Amino acid sequence: YHNKSNKTRIVKTPGGKLVYQYVKQQASPTVCGVSGARLNGLPRRRATDLRCKNVSRKNKTIHRAYGGHLSHAVVRERIVRAFLIEEQKIVK
């Protein structure tokens, strides 16, 4: 059928034949759950590819609190807010 998930391209094989090859859809980038910003350092991979064992954990996440889920700006803002709240409790 002629739809977005059924795209093909013609590829020449080593034997010289022209064959159709089905093209997978490109994955959407990982985005922050709060701000919606694109997360840097994560590959644009389909969820099934990330679940596979051939991709190591090192390549799936970012080594930080909330890494791979929230952007650095949101994490920084939460840390600063928590710190200021604690400071305010001490002052009172």
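Refer to the structure presented above.
All of the points below concern the structure found in this document. Nothing here was measured: the structure is a model prediction, and the numbers come from that model. Residue positions within a chain follow its written sequence, with the count starting from 1. Two thresholds apply to this predicted model, a pLDDT of at least 70 for residue-level local features and 80 or more for giving and counting side-chain atom pairs, whereas whole-chain, interface and lining totals are computed over all residues. To get the side-chain values, take all heavy atoms of the structure and skip hydrogens and water.

## Thoughts on the overall build of the chain
Applicable threshold: Secondary structure follows DSSP: runs of H or I at least 4 residues long count as helices, runs of E at least 2 residues long count as strands, and numbering of each begins at the N terminus. Our radius of gyration looks at C-alpha atoms and nothing else; its globule reference is 2.2 Å times the residue count to the power 0.38.
The secondary structure content of the chain amounts to two helices and two strands. Taken from the N to the C terminus, the helices and strands of the chain come in the order β-β-α-α. Expected size for 92 residues packed as a compact globule is a radius of gyration near 12 Å; at 22 Å, the chain overshoots this value by more than 25%. In terms of overall dimensions, the chain has C-alpha extents of about 80 × 30 × 15 Å along its principal axes.

## Observations concerning a nonpolar patch on the surface
We count it as follows: Surface patches are defined over residues having more than 30% relative accessible area and no salt bridge, joining like charges when they lie within 9 Å and nonpolar side chains (Val, Leu, Ile, Met, Phe, Trp, Tyr) when within 5 Å. Accessible surface area values rest on a Shrake-Rupley calculation with a 1.4 Å probe, where residue burial reflects the displayed protein chains alone. When a carboxyl oxygen of Asp or Glu lies within 4 Å of a side-chain nitrogen of Lys or Arg, that pair is called a salt bridge.
On the surface, Ile 10, Leu 18 and Tyr 20 cluster together into a nonpolar patch covering about 390 Å² of accessible area. With respect to the helices and strands, Ile 10 occurs in strand 1 (residues 8–12).

## Some thoughts on the packing of aromatic side chains
The line we're drawing: Pairing of aromatic side chains requires ring centres within 6.5 Å, counting the rings of Phe and Tyr and the six-membered ring of Trp. Pairs whose planes differ by under 30 degrees are stacked, by over 60 edge-to-face, and all others tilted. Put simply, a charge is over a ring when the Lys NZ or the Arg CZ is close to the ring centre, within 6 Å, and near the line of the ring normal, within 35 degrees.
According to the stated counting rule, one finds zero aromatic pairs in the structure shown. Arg 78 extends its terminal NZ or CZ atom over the ring of Tyr 66, reaching a point 5.6 Å from the ring centre.

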